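# Structural overview for review
Read off the chains here:
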Number of protein chains: 2
Amino acid sequence: MPPSKGHAQLGRPLPKLFIYTSIPIALTLIAHPLLPLFLPQDFLNKFPLPPQPTYPALQANVGFALLAFIGAVLSVPEVGEAFIAKGLKGWDQLKKGSNRNTGPWIPECLGLPCASLYLLLMMLFIPFPFSHIFQGTNGNGPGREAFPKGELTLYLSSLLSLLTATMLGFIDDLFDIRWRHKLPIPLIAAVPTLVVYYAEGGWTWVVLPESLGKLLSYLGFSGWEGTKSIDLGFLYYVYLALLPTFTTNSINIVAGVNGVEVTQAFIIALSVAFNDLLFLPIWPRWLLVLLGNVGNPDEGRMLSWAAGEVVKRHLMSLYFMVPLIGVCAGFLWHNWYPATAFPGDTFCYFTGMAFAAVAIQGHFSKTMILFFLPQIFNFILSCPQLFGLVECPRHRLPHFNPSTGLLTPSRVVFDKAPPFKTRITLEILELFGLTEIERTPVHEEPSKSGESKPKSGAKKPTRIVSASNLTILNYLLVVFGPMHEQTLCLALGAVQVASSVLAFGIRYGVGSLVYGGDRR
Amino acid sequence: MPPSKGHAQLGRPLPKLFIYTSIPIALTLIAHPLLPLFLPQDFLNKFPLPPQPTYPALQANVGFALLAFIGAVLSVPEVGEAFIAKGLKGWDQLKKGSNRNTGPWIPECLGLPCASLYLLLMMLFIPFPFSHIFQGTNGNGPGREAFPKGELTLYLSSLLSLLTATMLGFIDDLFDIRWRHKLPIPLIAAVPTLVVYYAEGGWTWVVLPESLGKLLSYLGFSGWEGTKSIDLGFLYYVYLALLPTFTTNSINIVAGVNGVEVTQAFIIALSVAFNDLLFLPIWPRWLLVLLGNVGNPDEGRMLSWAAGEVVKRHLMSLYFMVPLIGVCAGFLWHNWYPATAFPGDTFCYFTGMAFAAVAIQGHFSKTMILFFLPQIFNFILSCPQLFGLVECPRHRLPHFNPSTGLLTPSRVVFDKAPPFKTRITLEILELFGLTEIERTPVHEEPSKSGESKPKSGAKKPTRIVSASNLTILNYLLVVFGPMHEQTLCLALGAVQVASSVLAFGIRYGVGSLVYGGDRR
């Protein structure tokens, strides 16, 4: 790191060989399904192409994802200096020799080039699924992937939401908007998605668990027996509007350690894509049954009446998620420990909006929320500090110990004995191992008038001096002890992966039991 | 203007009374068509509403335009200070006591809040024309304004292009991109519009003038008789892709005088909207015939087969133009002499893209180009300087004379006699009154060896010392003499209005003769 130029190394180079091999691969993936349309038949007879894929647009999509990866890796170092020059820079609080006045500076808000690249590729991708070009090019009959126009409007409205989120995120990063003004940003970005959802005559019915009807009739509410779904109407839009606020902010508040925001988004995107793949009719039935009866066999993807609709929804979701995985991986290359680029709020708004958009358009918001279990845990754990039960310092990211090079939990320090509500909250959390409390024996102070203290007892009286801050990152440090910054990011990634496994268990195991097979 | 704070006055207030009266008017215009849908029938029977308009969505659109106006007026001063703080500021080169080091600073790039506001309103407007809400609410049968889904995709892709143009414009303003990198910006912004145009199976046929077929057959090319249109195919996309580059840059290069960019956009938007209105079936036929046979009576709007399609295209264009007029007027309030806010490239990209998008979607790109006559004149006039025939200084905006307070043409100065190609170009331009040349007698220098000069002649030999810069603004100053900055802006506005009148004459007078009635 040359501190001479006042900033850290700008990005890390990718092996040239990798770039030179993967660009042709990406272009081949994209061009291959197009070739039969542009090459003359004579030529094709002489030099037959490899057989066309079942999902030509999806194959092209994978090519675009590869381009997104390479593009992110190449573009982030290019623009870093310009960002620093405009004050879009930060200092790494968890590094030796770094400070707020002299840096070394790391460019901030590099979610912007990543998001721009992603959006440009997604725009160029439009003709693949949404035009006539693939009708009848594969053996599965015309139009398997040719979406009707209604789907194109959903796609475009998602892009509009993503672009709005990116732009507002960038404005936020640049002008450092106060958090009160930040709050509606995901709501505004969701406007195109929601308005088009409405204009298209959006579905506002919610499927009820079978047991709920039984429960309600047991409780004396008649008329609920056999009710499988209810129309939430306007309330459904409120729910949908809150979804992007949740997906955006829940990633944004688990931050502060190199690579941690991008790792979350990366694993969530992988999980969503894996879930989408399960709905494509490409798996042998025995495999699905073997995988713990993934969904029960009555799941939509196996029923012919719903198959087309459900497959299309999940294909659409894949089109968004696969390039997102590419761009996240590309950015992670630079954001990984030791970070040479920071994501900024732009990145969190952009990825959060992507998750919300596919969940809204694909009708799987509940499944999506399941993939956010670590973030939900973090939010619930944070509540005592967010709502004033326990003091909340401005930064709660872990503490860096320069002598060991390891991270330890950051702490909220109490100068005097904390009030009763704080004490009881912390002690309950301590009971579950969620926080680490430091106590000091109370000195026998000269008793003041009116004070009655237990002068003697079985236990020596103590008071709380400090407690670890209530975030998932500090919690991991409490449980596993001090660790290296890179290890902590890996640990959070592992938790995210484990949660996704759990989420699949809930979705396909418990979910099938609760809801029965009739699911959208 | 308090120079104590280092910047000029931020915006000028609008009379409060105007704001307090026009907001309710705007909301009424928007809500009125919605009321029959939400109020109970009993209530409506007791308190009948005023009759519903023929075009309820258009009425709401006018309401949105009013909101855009008020919003632009109110938001520009709000954000000015933050923009200056981030270096988005300029000094006014044509004002007394203003200089590049101390200002007073005027916030630059305030096209951003205007464009954001416009786009948000356009998103909120989506349900009005594109959902089921107005089907059958007026006496004209269901669906007169209810567009099919194909139109919604065009609308959304236009919004995507506008948002992309706005974002790239802002990035350009912020990072001060070199002009070589700027050039593709309108092309990139046009991607969504063009891709969706393609995916929708876009029309690539061009109607030929009747006389062209005759001319070609006269020249010996057979087979052209009676050919009314040809399919340009891929070339048509090249043409469409160049359109936004033209509309964007042609406004951007007529700049430098307070209010001049916004005035151009404002008048062009008004012209387009007026043209759109002519296609709505709301005019009595005698009026159309009276207006110099505006279009001939065979124009699409009068033929039942094409009426629906053509009316819809122009309604769509109106939906974009009317709020654009509102937002331009609102911004002009602050940008008018003496300017308290500058538009930045953001504004030019945004408005230019809006004109290109409606022209592409509405199939009236040729008519649109006609509304840019002053800009085309400016471009042609600039060519000698752009292509190196005449030296081109970095800034060509008019020169401010502090003693008179008036503007005079800025000049390109030649330290030594200009080369032949420059001299001849300037002299031809002088012949047409397009530039003002200053000459000086050539001193009788002591003749050097080998030089043969005409020692005596009828005319005393002179050489060119300077010439007025080749822009439309300097041209106006050459023709009408020095004038005040505000007068110059008004003069350009007058030229723009006169050109629009001429454009209508060409479009409906000459155009009908050349093309015959079969026009899209």
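Residues numbered from 1 in each chain as written. Chains lettered and ligands numbered in written order. Predicted model: local features only at pLDDT ≥ 70, side-chain atom pairs only at ≥ 80, totals over all residues. Heavy atoms only, no water.

## Re the packing of helix α9 (residues 185-199) of chain B against helix α15 (residues 344-362) of chain B
Residue and element names in this part refer to chain B. In contact at an axis separation of 11 Å, α9 and α15 are set at 25° when each is read in the N-to-C sense. Considered as vectors, α9 and α15 are oriented roughly parallel to each other. The chirality of how α9 crosses α15 is right-handed. For the pair formed by α9 and α15, the contact residues are Ile185, Pro186, Ala189, Ala190, Thr193, Leu194 and Tyr197 on the first element and Tyr349, Met353, Ile360 and Gln361 on the second. (Axes fitted to C-alpha atoms, helices over the stretch in contact; angles between N-to-C directions. Helix = DSSP H or I, 4+ residues; strand = E, 2+ residues; numbered from the N terminus. Parallel < 35°, antiparallel > 145°, perpendicular 65-115°, else oblique. Left-handed = near helix turned anticlockwise from the far one by under 90°. Contact = heavy atoms within 4.5 Å.)

## A closer look at the packing of helix α5 (residues 111-124) of chain A against α9 of chain B
Between α5 of chain A and α9 of chain B, the shortest axis-to-axis distance is 9 Å and the interhelical angle comes to 30°. By the angle between their directions, the pair α5 of chain A and α9 of chain B is classed as roughly parallel. Seen from above, α5 of chain A lies across α9 of chain B with left-handed handedness. Seen from α5 of chain A, the contacting residues are Leu120, Met123 and Leu124 of chain A; seen from α9 of chain B, they are Ile188, Val191, Pro192 and Val195 of chain B.

## Let's talk about the sheet that holds strand β9 (residues 462-468) of chain A
Residues and elements named next belong to chain A. Across the sheet, which stays open at both edges, the 3 strands sit in the order β7-β9-β8 with antiparallel pairing between neighbours. What marks the edges here is a single partner per strand, and that holds for β7 (411-413) and β8 (437-441). Taken over all neighbouring pairs, the strand axes of this sheet differ in orientation by 30° on average, direction set aside. (Pairing = 2+ DSSP bridges.)

## Examining the relation of the copies chain B and chain A
When chain B is fitted to chain A, the residual RMSD is 0.1 Å, and the transformation amounts to a turn of 180° plus an axial shift of 0.0 Å. Such a turn and shift between the copies fits a two-fold axis. The position closest to the rotation axis in chain B is occupied by the C-alpha of threonine 153 of chain B, lying 2.6 Å away. In this assembly, 100% of the residues forming the interface of chain B have copies in chain A that are likewise at the interface, indicating an isologous arrangement. (Least-squares fit on C-alpha atoms with pLDDT ≥ 70 in both.)

## Overview of helix α1 (residues 16-31) of chain B
Residues and elements named next belong to chain B. With 16 residues, α1 extends 23 Å from end C-alpha to end C-alpha; this agrees with the ideal 22 Å at 1.5 Å per step. Of the positions making up α1, those classed as buried are Ile19, Ser22, Ala26 and Ile30. End-on view of α1: buried residues confined to an arc of 80°, all on one side of the axis. Along α1, exposed side chains directed more than 90 degrees from the buried face belong to Leu17, Tyr20 and Thr28. (Expected span 1.5 Å × (residues − 1). Buried < 20%, exposed > 50% of the residue type's maximum accessible area, 1.4 Å probe, protein only. Arc of directions from axis to C-beta.)

## Observations concerning the interface of chain B and chain A
Of the residues lining the interface, 39 residues belong to chain B; the matching set on chain A comes to 39 residues. In total, chain B and chain A occlude about 3500 Å² of area from one another, counting both sides; carbon and sulfur atoms represent 84% of this. Ranking the residues of chain B by area buried against chain A places Leu160, Met167 and Phe175 of chain B at the top, with a combined share of 17%. Inspection of the region where chain B meets chain A yields 0 salt bridges. Scanning the region where chain B abuts chain A turns up 2 residue pairs in polar contact (both at pLDDT 80 or more). Mapped onto the side of chain B that touches chain A, the elements with two or more residues apiece are α4 (56-85), α5 (111-124), α6 (127-130), α7 (149-175) and α9 of chain B. (Buried area = accessible area lost by both parts, 1.4 Å probe. Salt bridge = Lys/Arg side-chain N within 4 Å of Asp/Glu carboxyl O. Polar contact = N/O pair within 3.5 Å; in protein donor to acceptor, adjacent residues only side chain to side chain.)

## So, the packing of aromatic side chains
Inspection of the entire model under this criterion finds 40 aromatic pairs over all chains. Taken together, a centroid distance of 6.0 Å and an interplanar angle of 80° make the contact between phenylalanine 355 of chain A and phenylalanine 372 of chain A edge-to-face. Pair noted here: phenylalanine 355 of chain A is in helix α15 (residues 344-362) and phenylalanine 372 of chain A is in the loop between α16 (365-370) and α17 (373-386), with a separation of 17 residues, a long-range link. Look at phenylalanine 18 of chain B and phenylalanine 69 of chain B: their rings are 6.0 Å apart centre to centre, the planes differ by 80°, and that puts the pair in the edge-to-face class. Remark: phenylalanine 69 of chain B occurs in helix α4 and phenylalanine 18 of chain B occurs in helix α1; sequence separation between them is 51 residues. A relative accessible area of 37% places phenylalanine 18 of chain B in the partly exposed class. What makes phenylalanine 69 of chain B buried here is its relative accessible area of 15%. (Phe/Tyr/Trp six-rings, centres within 6.5 Å; stacked < 30°, edge-to-face > 60°.)

## Section: the side chain of asparagine 474 of chain B
All names here are of chain B. Looking at the secondary structure, you find asparagine 474 in helix α19 (residues 472-480). Among the polar contacts listed, one links the side chain of asparagine 474 to the backbone oxygen of arginine 396, at a separation of 3.0 Å. Once you skip the residues sitting within four places of it in the chain, asparagine 474 turns out to touch Arg396, Pro398, Thr408, Pro409, Ser410 and Asn469.

## Structural notes on the sheet that holds strand β7 (residues 411-413) of chain B
Residue and element names in this part refer to chain B. Spatially, the 3 strands line up as an open sheet ordered β7-β9-β8, and their pairing is antiparallel. Each end of this open sheet is capped by a strand with a single partner; those strands are β7 and β8 (437-441). On average, each strand axis in the sheet is tilted by 30° relative to the strand beside it, whichever way the strands run. Pairing of β8 with strand β9 (residues 462-468), which is carried by 5 bridges, proceeds in the antiparallel orientation. Counted as the bridge partner of arginine 439 is isoleucine 464 from β9.

## Quick word on the side chain of serine 271 of chain B
All names here are of chain B. Take serine 271: it is sitting in helix α12 (residues 260-278). Residue serine 271 is classed as buried on the basis of its relative accessible area of 6%. Those residues within four positions of serine 271 in sequence are excluded, and the remaining contacts are Phe371, Ser500 and Phe504.

## Quick word on unusual backbone geometry
Look at the link from tyrosine 337 of chain A to proline 338 of chain A: it is a cis peptide, with omega at -15°. Along the chain, the position of proline 338 of chain A falls in the loop between α14 (304-335) and α15. Of note, histidine 363 of chain B is a non-glycine position whose phi angle comes to about 60°, a positive value. Secondary-structure assignment places histidine 363 of chain B in the loop between α15 and α16 (365-370). Take histidine 363 of chain B: its relative accessible area is 17%, and that puts it in the buried class.

## Observations regarding a nonpolar patch on the surface
Residue and element names in this part refer to chain A. A grouping of Leu232, Phe234, Leu235, Val238 and Leu242 is seen on the molecular surface, where their side chains present a nonpolar patch of about 490 Å² in accessible area. Residue position: leucine 235 is located in helix α11 (residues 234-252). Exposure remark for leucine 235: the relative accessible area of 55% places this residue in the exposed category. (Patch = residues over 30% accessible without salt bridge, like charges linked within 9 Å, V, L, I, M, F, W, Y side chains within 5 Å. Areas by Shrake-Rupley, 256 points an atom, 1.4 Å probe, with all protein chains shown as cover.)

## Structural notes on the confidence of the model for chain A
Residues and elements named next belong to chain A. Scored by pLDDT, chain A has a mean of 83; 83% of the residues are at 70 or more. Every residue in residues 136-145 scores below 50 in pLDDT, and together they form 24 contacts with partners more than four places removed in sequence or on other chains. Contacts of residues 295-305 to residues separated by more than four positions or lying in other chains number 25 contacts, the stretch itself having pLDDT below 50. Per the prediction output, this complex has pTM 0.87; the corresponding ipTM is 0.86. (pLDDT = per-residue confidence, 0-100.)

## Describing the pattern of salt bridges
Applying the stated criterion across every chain, the model contains 18 salt bridges over all chains. Taking the shortest distance from any N to any O, the salt bridge between arginine 411 of chain B and glutamate 436 of chain B comes out at 3.1 Å. Here the residue arginine 411 of chain B occupies a position in strand β7, and glutamate 436 of chain B occupies one in the loop between α18 (420-431) and β8, the gap between them amounting to 25 residues. By sharing partners, the salt bridges in this structure join Arg423, Glu427, Glu430 and Arg439 of chain A into a single network.

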